[in-house]
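Residue strings, one per chain:
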Number of protein chains: 2
Amino acid sequence: MFMRIDHIGIACRDLEEKIAFFSETFELTVVAREVNEEQGVKEAMLHIADGEGGGSYIQLLEPLSDDSPVGKFLAKRGEGVHHVAFGVRDVTQTMDKIHQKGVRLLDERPRHGSMGSQIAFLHPKDVGGMLTELVQAARPEQTEKNVHM
Amino acid sequence: MFMRIDHIGIACRDLEEKIAFFSETFELTVVAREVNEEQGVKEAMLHIADGEGGGSYIQLLEPLSDDSPVGKFLAKRGEGVHHVAFGVRDVTQTMDKIHQKGVRLLDERPRHGSMGSQIAFLHPKDVGGMLTELVQAARPEQTEKNVHM
C-alpha cells in the first residue's frame, strides 16, 4: 500500500530562513517552491532520495495567514513536524481501502499537492495522533507542467 | 549527507494495539521488536521500503515508564510523531559535520538504535522544532546478531 515515505511536512514561521538552514546544514537541494492557496501555505520541497513511484523530501510549510491550518498549528504547537506523507500508487483506491477499514478521511476526493501530485489526508486521531497524507506523485510530464521553481 | 528517510518515530500508549492497527490498516510488516532500556522504550519497526544504505520504517514507541523521554512526551503532547530519523553513511562523521555548522547534538557519541544501528539525536530547537535522529544502519551480519523478532 505504501511505496515510500514521501515527505515530512514541517511547519515554520519563516520559509526562507528554514530553506537556508536545511539546505546548508544537511546539504539538501530545493527542487520546488509553490504557493498553495487552497491549503493556505507557501512551501518548498527539499530532495532526499528517489524511491518507488516518486521521491522522498522534507517539505517546509509557512502559513499564508494565522487562521489557515498551518497557522493554527503554529499558534498551538510551535514549529515542528506538521504531517507525514506516504507514497501510494493510486490515491483514490487507497483512500477507499483505508476508509473501509474505519479510518476517517479529511478529504472526500483527492486534491492538488506539491509538484503536481494528488493527495488526501487521513484523520490524525485515527492514525495514532499523526496527521497522515497519501501522495500519488505526478507522472513526469505532469510534473514538468505543474512545478514552478 | 542524508541517504533516505529512515523512520518516523511515533509515541504511543499501547504498543500492541498500535502494531495491530498500523500493520492491518496499511498492510505493513513488523520486522523487529525490541526493548531499549537505555532509551526507556519498547518498540516495533514496520517496514515500508528499502533504500540506499538501509530501509524506511514506521517505528512505534511505548515508554517503559512515565519519566522516560517518550513517557514525558506523551504526558505533554499526547500520541503522535516523536521524532524523524534520516539514514547516513557514517554517523560519527555526520555528527561532527553537523555540529561544526552550529547544531547542538543531544549525544556526544553514537548509541545503540533499532536493529543494530548506530544513532545520534540533534537538538530539536536547532532543527525547526523537529527532534532529528541520524541513523547508520547495521551491516547485514550485525543485524542478524542483534535483531530480536
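Keep in mind that what you see is a predicted model, and the values were worked out from it rather than measured.

(A) The relation of the copies chain B and chain A, seen in detail. Note on the identical chains: chain B maps onto chain A by a rotation of 180° and an axial translation of 0.0 Å, with an RMSD of 0.0 Å. Interpreted geometrically, this transformation is the action of a two-fold axis. Mapped onto chain A, 100% of the interface residues of chain B again fall at the interface, so both copies present the same surface.

(B) Representation of the sheet that holds strand β7 (residues 118–122) of chain A in the model. What the 8 strands build is an open sheet, ordered β2-β3-β4-β1-β5-β8-β7-β6 (chain A); its pairing is mixed. At either margin of the open sheet sits one strand with a lone partner, and together these are β2 (29–36) and β6 (111–112) of chain A.

(C) Looking closely at the interface of chain B and chain A. Chain B puts 37 residues into the contact, and the matching count from chain A is 37 residues. Where chain B abuts chain A, roughly 2,900 Å² becomes buried across the two surfaces, and 71% of that area is made up of carbon and sulfur atoms. For chain B, the biggest contributors to the area lost against chain A are B:Phe2, B:Ile5 and B:Phe26; these three give 20% of the whole. Summed over the shared surface of chain B and chain A, the result is 4 salt bridges. For the salt bridge of B:Glu27 with A:Lys97, the shortest nitrogen-to-oxygen distance reads 3.4 Å. Our count for the contact surface shared by chain B and chain A stands at 8 residue pairs in polar contact (both at pLDDT 80 or more). Those elements that place two or more of their residues in the side of chain B that touches chain A are β1 (4–11), α1 (15–25), β3 (41–51), β4 (54–63), β5 (80–87) and α3 (91–100) of chain B. The class makeup of the residues in the side of chain B that touches chain A is 22 nonpolar, 6 polar and 9 charged.

(D) The arrangement of the side chain of B:Thr94 in detail. Residue and element names in this part refer to chain B. Tracing the backbone through its elements, the reader meets Thr94 in helix α3. For Thr94, a relative accessible area of 8% corresponds to the buried category. Beyond its immediate chain neighbours, meaning those up to four positions away, Thr94 contacts Met1, Val88 and Leu134.

(E) The pairing of strand β3 (residues 41–51) of chain A, seen in detail. All names here are of chain A. Bridge count between β2 and β3: 7 bridges; the pairing is antiparallel. Considered in β3, the bridge of Ala32 is made with Met45. Counting the residues between successive antiparallel strands, the hairpin from β2 to β3 contains 4 residues, one of them, Gly40, with a positive phi of roughly 70°. Relative to strand β4 (residues 54–63), β3 runs antiparallel, the two being bridged by 10 bridges. Its bridge partner lying in β4, Asp50 is registered against Gly55. Linkage of β3 to β4, two consecutive antiparallel strands, is achieved through a turn of 2 residues, within which Gly53 is found at a positive phi near 75°.

(F) Geometry of unusual backbone geometry. Residues and elements named next belong to chain A. With a phi close to 55°, Glu27 is a non-glycine residue in the positive phi region. As for its position among the elements, Glu27 is in the loop between α1 (15–25) and β2. Of the residues examined, Glu27 reaches a relative accessible area of 40% and is grouped as partly exposed.

(G) Focus on the UniProt feature "domain: VOC" (unreviewed entry) in chain A. According to UniProt, the "domain: VOC" (unreviewed entry) feature falls on residues 4–137 of chain A. Within the segment residues 4–137 of chain A, helix and strand shares are 22% and 43% respectively, and the terminal C-alpha atoms sit 11 Å apart.

Scoring rules and cut-offs
- Residues numbered from 1 in each chain as written.
- Chains lettered and ligands numbered in written order.
- Predicted model: local features only at pLDDT ≥ 70, side-chain atom pairs only at ≥ 80, totals over all residues.
- Heavy atoms only, no water.
- Least-squares fit on C-alpha atoms with pLDDT ≥ 70 in both.
- Contact = heavy atoms within 4.5 Å.
- Pairing = 2+ DSSP bridges.
- Helix = DSSP H or I, 4+ residues; strand = E, 2+ residues; numbered from the N terminus.
- Buried area = accessible area lost by both parts, 1.4 Å probe.
- Salt bridge = Lys/Arg side-chain N within 4 Å of Asp/Glu carboxyl O.
- Polar contact = N/O pair within 3.5 Å; in protein donor to acceptor, adjacent residues only side chain to side chain.
- Nonpolar A, V, L, I, M, F, W, Y, C, P; charged D, E, K, R; others polar.
- Buried < 20%, exposed > 50% of the residue type's maximum accessible area, 1.4 Å probe, protein only.
- UniProt positions renumbered as here; feature names shortened; annotations may be inferred.

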